[in-house]
Amino acid sequence: MTASPILEVSGVSLAFGGVRALSDVSFSVPEGAITAVIGPNGAGKTSLFNTISGFYRPQAGSIRFAGTSLDGVRAPQRAARGLARTFQNIALFRGMTVLDNIKLGRHAHMRTGVLDALFYWGRAQKEELELRAEIEERIIDFLEIQHIRNASVGTLSYGLQKRVELARALAMRPRILMLDEPVAGMNREETEDMARFILDVKEEWGVTILMVEHDMGMVMDISDHVVVLNFGQVIASGTPREVQGNDAVIAAYLGSGDVGAIARRIKAEAA
Ligand SMILES: Nc1ncnc2c1ncn2[C@@H]1O[C@H](COP(=O)(O)OP(=O)(O)OP(=O)(O)O)[C@@H](O)[C@H]1O
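Residues numbered from 1 in each chain as written. Predicted model: local features only at pLDDT ≥ 70, side-chain atom pairs only at ≥ 80, totals over all residues.

You'll find the protein entered in an unreviewed UniProt entry as Amino acid/amide ABC transporter ATP-binding protein 1, HAAT family, with Bosea lupini given as the organism.

This is how it looks when you write it as structure tokens:
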């Protein structure tokens, strides 16, 4: 992998009381690529995501984003700097329309404070609003959700709701998009659609992707780089092919129920 890292996690440790969720975790996320974090249940994936997005404060280690330390930077400021995320359980306003939910994404860039407000009053503000509306339209078009733009989110299928969540995250104009189990609970067709959108977000929008996902087929198909966690530690990282053939990874998945999928993939790759 030659691209320079946009995100660098160095020696991060996090404990909840006596439970060590993350132990000395280090890895980097190359810019413009798709990086997946995988690992059996309880491996620490969600804890890692919450630490990177600023919801948890690690006891040790540091995280750098776009060359700057995130130490002491709170979650909303991380989002405003271009670190957007979606959640394992959909976090949309179900009673609001698709368009209104997407508009909420722009709040990460809203100016606050009297001076900022004064500065932004007038022409600059008008241009900013026009630009935002244009971006929202591009996102709606790109994710093929034109037909449901005025539908209430609560009435939509699960797959479409996940797509709206992706749209809202894109409306934040992120540099890195963190997707927490983007295809969990989806059927095959919805999964394939979402995988295609994620690839397009990378290729057409140039957004770096960091995702946690249990669907091995999807991870191995679209990721450029895979990081494997087990018991809060990084046990392997590399290309999908490198990781699939790694003994420690296969051992970690033994007994987890996911090993069948991994074994099938390895067999298919070898054939
Ligand atoms: N808020 C919390 N309080 C106490 N312990 C926690 C908390 N969150 C996570 N843990 C513990 O930290 C460890 C890592 O959990 P985490 O949820 O990060 O794993 P995960 O890889 O995301 O699992 P899954 O794939 O099941 O979502 C587990 O032992 C878990 O029980």
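1. Details of the sheet that holds strand E5 (residues 68-69)
Stated precisely, the cut-off is as follows: Strands qualify as paired when DSSP identifies two bridges or more between them. Counting from the N terminus, the helices are DSSP H or I runs at least four residues long and the strands are E runs at least two residues long. For every residue pair, C-beta atoms are placed from the backbone, and the pair is scored as a contact if these atoms sit within 7 Å. Note on geometry: axes are C-alpha line fits, over the in-contact stretch for helices, and angles between N-to-C directions span 0 to 180 degrees.
Read across the sheet, 4 strands follow the order E2-E1-E4-E5 without closing on themselves; strand pairing throughout is antiparallel. Each edge of the open sheet carries a strand with a single partner, namely strand E2 (19-30) and E5. Relative to strand E4 (residues 60-65), strand E1 (residues 5-16) runs antiparallel, the two sharing 5 bridges. Pairing of serine 10 across the sheet is with serine 62, part of E4. Each of E1, E2 and E4 touches helix H1 (residues 45-52); the most contacted strand, E2, lies at about 65° to it.

2. Looking at the nonpolar core
Nonpolar side chains tend to gather and get buried jointly when the protein is soluble and globular. Here is the rule: When buried Ala, Val, Leu, Ile, Met, Phe, Trp, Tyr and Cys residues are joined through C-beta atoms within 7 Å, the set is termed a nonpolar core. Exposure is read from a count of other C-beta atoms within 10 Å of each residue's own; the residue is exposed at 12 or fewer, buried at 20 or more and partly exposed in between. C-beta atoms are placed from the backbone. Throughout the structure description, domain borders are defined by an automatic or database domain assignment.
With 68 residues, the main nonpolar core has Ala167, Ile176, Leu177, Met178, Ile209 and Val228 as its most contacted residues. The element best represented in this core is helix H6 (residues 158-170), accounting for 6 residues. Shared between two domains, this core takes at least three residues from each, and those domains are domain 1 (1-82 + 174-271) and domain 2 (92-173). When neighbours within four sequence positions are excluded, leucine 177 is seen to be in contact with Ala84, Ala169, Val201, Val207 and Ile209.

3. Digging into the site of the ligand
Here is the rule: For each residue, a C-beta atom is placed from the backbone, and the residue counts as near a molecule or strand when that atom lies within 6 Å of it. All residues other than Ala, Val, Leu, Ile, Met, Phe, Trp, Tyr, Cys, Pro, Asp, Glu, Lys and Arg, Gly among them, are scored as polar; the first ten of these are nonpolar and the last four charged.
The immediate surroundings of the ligand are formed by Phe16, Val19, Ala21, Gly39, Asn41, Gly42, Ala43, Gly44, Lys45, Thr46 and Ser47. Among the elements of the structure, E2 and H1 are those that each provide at least two residues to the shell around the ligand. The element best represented in the shell around the ligand is H1, accounting for 3 residues. Residue composition of the shell around the ligand, grouped by class: 4 nonpolar, 6 polar and 1 charged.

4. Some details on the pairing of strand E8 (residues 208-212)
With respect to burial, E8 is a largely interior element, 5 of its 5 residues being buried. Here E8 shows no split at all, with Thr208, Leu210 and Val212 on one side and Ile209 and Met211 on the other all buried. Alignment of strand E3 (residues 34-38) against E8, held across 4 bridges, turns out to be parallel. Bridge assignment links isoleucine 34 to a residue of E8, and that residue is isoleucine 209.

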